[in-house]
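Working through the structure, step by step
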Amino acid sequence: DAKTTQPPSMDCAEGRAANLPCNHSTISGNEYVYWYRQIHSQGPQYIIHGLKNNETNEMASLIITEDRKSSTLILPHATLRDTAVYYCIVTSPSGNTGKLIFGQGTTLQVKP
Amino acid sequence: SQTIHQWPATLVQPVGSPLSLECTVEGTSNPNLYWYRQAAGRGLQLLFYSVGIGQISSEVPQNLSASRPQDRQFILSSKKLLLSDSGFYLCAWSVLTGGLPQYFGPGTRLLVL
């Protein structure tokens, strides 16, 4: 079972910031938070990951609360192409094979 | 840069027929390779992973098998397809110690009739 809880769906206006929440209250000390997204009929796309510090890359920002029990993925200026299912995954790199357990994710609909 | 290929993109097969899906990675050496399946309306499920040539680990008992004949080639097979084998099959790779993050291919959509 997934270790995260995400809202099933969200809407966002084009050009506005999309803030996608994720609860992971049982996260352990060596587990990271990973975010992927899956655009319809495509393979999942890696977005960003973090351990305890906030992270930013060219796609998004990841804000992790100090107690690490929740996080928010921020798409600063959402476009129609950002419409996708967003998955928040908590896992740890382990040996050679970190395992990704995908839940149901959040379906983000970006509207014009 | 690294690229991952999967083919075919779409496949329609009758029940009881064999299956062979291929995945290849370019631009990296000795990757970890993974096969996932996504049933309609459901999340992704890890089926197999491989840390090297000839090394295959199975995550769930099933009608499928995997092989890794070359460093950057991963094959998913079945001798006799079942209706329940229908789904979206995704190959992924990783190179960092710990196997994360993983990067996914475009997928193969399989329909068993």
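Residues numbered from 1 in each chain as written. Chains lettered and ligands numbered in written order. Predicted model: local features only at pLDDT ≥ 70, side-chain atom pairs only at ≥ 80, totals over all residues. Heavy atoms only, no water.

**Concerning the pattern of salt bridges**
- Taken as a whole and assessed by the stated rule, the structure comprises five salt bridges over all chains.
- Across the salt bridge formed by B:Arg68 and B:Asp71, the nearest N and O atoms sit 3.4 Å from each other. (Salt bridge = Lys/Arg side-chain N within 4 Å of Asp/Glu carboxyl O.)

**A closer look at the side chain of A:Ser61**
Residue and element names in this part refer to chain A.
- Relative to the elements of secondary structure, Ser61 occurs in strand 6 (residues 61-64).
- At a separation of 3.1 Å, a polar atom in the side chain of Ser61 contacts the side chain of Thr56.
- Discounting chain neighbours no more than four positions away, the residues touching Ser61 are Ile48, Glu55, Thr56, Thr72, Leu73 and Ile74. (Helix = DSSP H or I, 4+ residues; strand = E, 2+ residues; numbered from the N terminus. Polar contact = N/O pair within 3.5 Å; in protein donor to acceptor, adjacent residues only side chain to side chain. Contact = heavy atoms within 4.5 Å.)

**Remarks on the sheet that holds strand 8 (residues 73-78) of chain B**
Residues and elements named next belong to chain B.
- Spatially, the four strands line up as an open sheet ordered 1-3-8-7, and their pairing is antiparallel. The sheet is open, and its two borders are formed by strand 1 (3-7) and strand 7 (65-70), each paired with just one other strand. Looking at each pair of strands side by side, their axes are set apart by 20 degrees on average, direction ignored.
- Examined bridge by bridge, strand 7 and strand 8 share four bridges and lie antiparallel to one another. By the bridge assignment, Ala66 is partnered in strand 8 with Leu76. (Pairing = 2+ DSSP bridges. Axes fitted to C-alpha atoms, helices over the stretch in contact; angles between N-to-C directions.)

**Side note on the packing of aromatic side chains**
- This model, assessed by the stated rule, comprises 13 aromatic pairs over all chains.
- Their ring planes at 45 degrees and their centres at 6.2 Å tell us that A:Tyr32 and A:Tyr34 sit as a pair that is tilted.
- Considering the side-chain rings of B:Tyr34 and B:Tyr36, the 6.5 Å spacing of their centres and the 35 degrees angle between planes classify their relative orientation as tilted.
- By relative accessible area, which is 0% here, B:Tyr36 ends up buried.
- Chaining the aromatic ring pairs together yields one cluster made of A:Tyr36, A:Tyr46, A:Tyr87, A:Phe102, B:Tyr34, B:Tyr36, B:Tyr49, B:Trp93, B:Tyr103 and B:Phe104.
- The ring of B:Phe88 has B:Arg109 lying over it, and the distance from NZ or CZ to the ring centre is 4.1 Å. (Phe/Tyr/Trp six-rings, centres within 6.5 Å; stacked < 30°, edge-to-face > 60°. Buried < 20%, exposed > 50% of the residue type's maximum accessible area, 1.4 Å probe, protein only. Lys NZ or Arg CZ within 6 Å of the ring centre and 35° of its normal.)

**Some thoughts on unusual backbone geometry**
- For the peptide bond that leads from B:Trp7 to B:Pro8, omega is 0 degrees, which places it in the cis range.
- Among the secondary structure elements, B:Pro8 is positioned in the loop between strand 1 and strand 2 (10-13).
- Of note, A:Arg68 is a non-glycine position whose phi angle comes to about 65 degrees, a positive value.
- With a relative accessible area of 11%, A:Arg68 lands in the buried category.
- Its identity is not glycine, yet B:Asn30 carries a phi of approximately 50 degrees, on the positive side.
- Structurally, the position occupied by B:Asn30 is in the loop between strand 3 (19-26) and strand 4 (32-38).

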